[in-house]
Amino acid sequence: MTYRTSPAGEAAPAPAPRPGGTGELAGRAVARVGYGAMQLARLHDDRRAAVALLRHAIDLGVDHVDTAQFYGDGFVNDVIREALRPQDDVLVVSKVGAVSDPGGPMPLRLAQRPGELRASVEANLAALGTDRIAVVNLRRVDSGITVPVPDDQVIGLDDQLAEMAAMRDEGKIGAIGLSSVSLDVLRRALPAGVVCVQNAYSLVARDDEDLLRLCAAEGIAWVPYFPLGGALPGLAKVTDEPAVRAAAERLGCTPAQVGLAWLLHHDPRTLLIPGTADTGHLEANLAAGAITLDAETLAALDAVPSRPATAPRH
Ligand SMILES: NC(=O)c1ccc[n+]([C@@H]2O[C@H](COP(=O)([O-])OP(=O)(O)OC[C@H]3O[C@@H](n4cnc5c(N)ncnc54)[C@H](OP(=O)(O)O)[C@@H]3O)[C@@H](O)[C@H]2O)c1
C-alpha cells in the first residue's frame, strides 16, 4: 500500500512494515518475505477465498508475488488481477517455459521454444491486465526436473535469452530471471542481465549452495522455490526435520517459521516466496522474519543433512 491522504483530508494509516525486512529485486526494494501464489490454485472452487487470501497478504505488507499463467490453468493470474490494485505497487514475477495441459497426462507441458516463451509472456500480460511484467523467469529444465523432456523441447540457452532480451527491449518484460538452472547455465546467462534465480532449495535441500554463492557474488536475488520442501508428497519437508522441530519448541514458534527464518539468516540476498492456501500459515510465514536464531540453534540447523530437492528425472 502507498501512504495516501484520505478524501476527508485525514492521514491514511501507515503502510504495513515489510515482512522479513527489506530486500532488493530488479532494482527495487521489496519485502524479504513475499508470497508464492501457486498454492492458490487449490482454492479454484472458492475464488472469493483465494482473492481474500491474497488481499490479506498485501494488507500485511507483501509486495512481491510469484506466479505463472499455468498455475491453475490461468486461475491464479485471474485472482491476482482481481485482488491487486495499482496503488498496492506489488512486484509481480511470472515465469515461462511451460504451459497448462489440462487434457494431458500431467497438468503441465514444457513450452521452451522462443516462440512459446513469447506466447506465454503474451498470455500473462493478457491475464494480468498489464502491458509489462516486472520480472519474468525463464524456467529451464537443467535442474529440478520432474517431467520428461522431449527432444524437441531441448532448446539452446542463447536462443531463449535472445527472445527474452527482445521482449525486455520491447518493454513487455522489465527484467529477466532464471529458474531450474545449473551453475553452468547461470554463468553463461550472466551477460544477458539476470536479476533473480529460482531453484528448489530449503534448509533440508541445499545442494544448490554453489548457485546461491554465485548469485550473492553477482548481486542477483536468490528466490528459492519449495522453501518449506513444497507440497508434493515424497520430497523432504522442512517441518518434519527433527532439528527444526526441536528449534521450534525451544524458540516458541512453528517449524515452518524456523525453516523460513533460517533461509533469511543464511544469505542476506535471499527473498522468500512460501506458498500457502491457509490464512494462519500465511500470517505465520510473514512473521518468520521476527524470529532470532541464536548461535546454538543455527549450528544445529546448519548441521542438517541436505536431501534432493526434487524428484529425479523420469
Ligand atoms: N520457479 C519454479 O519452477 C517454481 C516451482 C514451484 C514453485 N514455485 C513458486 O514457489 C512458491 C513456493 O513453493 P511451493 O508453494 O510449491 O512450496 P513451499 O512454499 O515449500 O510449501 C508449500 C506447502 O507448505 C505448506 N505450508 C505453507 N506454510 C506453512 C506453514 N506455516 N506451516 C505448515 N505448512 C505450511 C503448504 O500447505 P498449506 O497451503 O496448507 O499452508 C503447502 O503444502 C510457489 O507457490 C510458486 O509460486 C516456482
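Note on numbering: residues in each chain are counted from 1, in written sequence order. In view of the model being predicted, local features appear only for residues whose pLDDT reaches at least 70, and side-chain atom pairs are presented and counted only at 80 or more, with totals across whole chains, interfaces and linings using the full set of residues. The basis for the side-chain values is all heavy atoms of the structure; hydrogens and waters are excluded.

### Examining the overall build of the chain
For the record, the criterion: Secondary structure elements follow DSSP: runs of H or I no shorter than four residues count as helices, runs of E no shorter than two count as strands, and numbering proceeds from the N terminus. Both definitions apply: the radius of gyration is a C-alpha atom measure, and the globule rule equals 2.2 Å times residues to the power 0.38. The buried label goes to any residue with under 20% of its type's maximum accessible area, the exposed label to any with over 50%, and the partly exposed label to all in between, with areas taken from a 1.4 Å probe on protein chains only. Here, Shrake-Rupley sampling with a 1.4 Å probe gives the accessible areas, and only protein chains in the shown set may cover a residue. When charges are tallied, Lys and Arg are placed among the positive residues and Asp and Glu among the negative ones, while His and the ends of the chain are skipped. Note that the charge is assigned to NZ on lysines, CZ on arginines, CG on aspartates and CD on glutamates.
What the chain contains, in helices and strands, is 10 helices and 11 strands. For 314 residues, the compact-globule estimate of 2.2 N^0.38 gives 20 Å, and the C-alpha radius of gyration of the chain, at 19 Å, lies within 12% of that figure. Its C-alpha atoms put the chain at 55 × 50 × 40 Å along the principal axes. Expressed as a percentage of the 314 residues in the chain, the buried residues total 52%. Entry remark: accessible area of the chain is about 13600 Å², with carbon and sulfur atoms responsible for 53%. Mean positive and mean negative side-chain charge positions of the chain (29 and 39 charges, respectively) differ by 1 Å.

### Concerning the site of the ligand
Selection criterion: When at least one non-hydrogen atom of a residue lies within 4 Å of a molecule or strand, that residue is treated as near it. Whenever two N or O atoms come within 3.5 Å, that pair is a polar contact, provided that in protein one can donate a hydrogen and the other can accept it, and provided that, for residues adjacent in sequence, both atoms are side-chain atoms. For this classification, the nonpolar set comprises Ala, Val, Leu, Ile, Met, Phe, Trp, Tyr, Cys and Pro, the charged set comprises Asp, Glu, Lys and Arg, and every other residue, Gly included, is treated as polar.
Looking at the ligand, there are 27 residues lining it, with Asp66, Gln198, Leu228, Thr276 and His281 nearest. Within the backbone of Ala37, an N or O atom sits 3.5 Å from an oxygen atom of the ligand. For the ligand, a nitrogen atom lies 2.7 Å from a polar atom in the side chain of Gln198. When isolated, the ligand has an accessible area of 900 Å², and the protein chains bury 88% of it. Of the residues assigned to the shell around the ligand, the class counts are 12 nonpolar, 10 polar and five charged.

### Digging into the environment of Ala175
How we decide: Only heavy atoms matter for contacts: two residues are in contact if any of them lie within 4.5 Å across the pair.
Within the secondary structure layout, Ala175 lies in strand 9 (residues 173–179). In this structure, the C-alpha to C-alpha distance between Ala175 and Ile133, residues 42 residues apart in sequence, is 8.3 Å. Non-local contacts of Ala175, meaning those with residues more than four positions away in its chain, are made with Ala26, Ala134, Val135, Val136, Arg168 and Val195.

### Comments concerning the pattern of salt bridges
Convention followed: Within this document, salt bridges are pairs made up of a side-chain nitrogen of Lys or Arg and a carboxyl oxygen of Asp or Glu, the two lying within 4 Å of each other.
Here the structure, examined in full by the defined rule, presents 15 salt bridges. Across the salt bridge formed by Arg55 and Asp88, the nearest N and O atoms sit 2.8 Å from each other. In this pair, Arg55 sits in helix 1 (residues 47–59) while Asp88 sits in the loop between helix 2 (75–83) and strand 5 (91–96), placing the two residues 33 residues apart along the sequence. In terms of burial, Arg55 and Asp88 fall into one category: buried. Of the charged contacts, one joins Arg118 and Glu163 as a salt bridge, the two residues approaching to 2.5 Å between their closest N and O atoms.

### Side note on the environment of Ala50
In this structure, Ala50 sits in helix 1. Between the C-alpha atom of Ala50 and that of Asp278, which follows or precedes it by 228 residues, the distance is 9.6 Å.

### Some details on the pairing of strand 2 (residues 28–31)
Heads up, the rule is: Any two strands are treated as partners once DSSP identifies two or more bridges connecting them.
Where strand 1 (residues 22–25) lies against strand 2, four bridges are found, and the strand directions are antiparallel. When the bridges of strand 2 are listed, Glu24 appears paired with Ala29. Counting the residues in the hairpin turn of strand 1 and strand 2 gives two residues, including Ala26, whose phi is positive at 55 degrees.

### Details of the sheet that holds strand 3 (residues 35–36)
Pairing is parallel in the open sheet, where seven strands are placed in the order 3-4-5-8-9-10-11. Pairing within the sheet leaves two strands with one partner each, and these edge strands are strand 3 and strand 11 (221–222). As judged from the six bridges shared by strand 8 (residues 133–139) and strand 9, these two strands associate in the parallel manner. Bridge pairing links Asn137 to Gly177 in strand 9.

### Notes on the side chain of Asp267
Structurally, Asp267 is set in the loop between helix 8 (255–266) and helix 9 (279–286). Lacking a salt bridge, the buried Asp267 has Arg32 as its closest oppositely charged neighbour, with an N-O distance of 5.9 Å. Excluding residues that lie within four positions of it along the chain, Asp267 makes contacts with Arg32, Leu212, Ala216 and Trp222.

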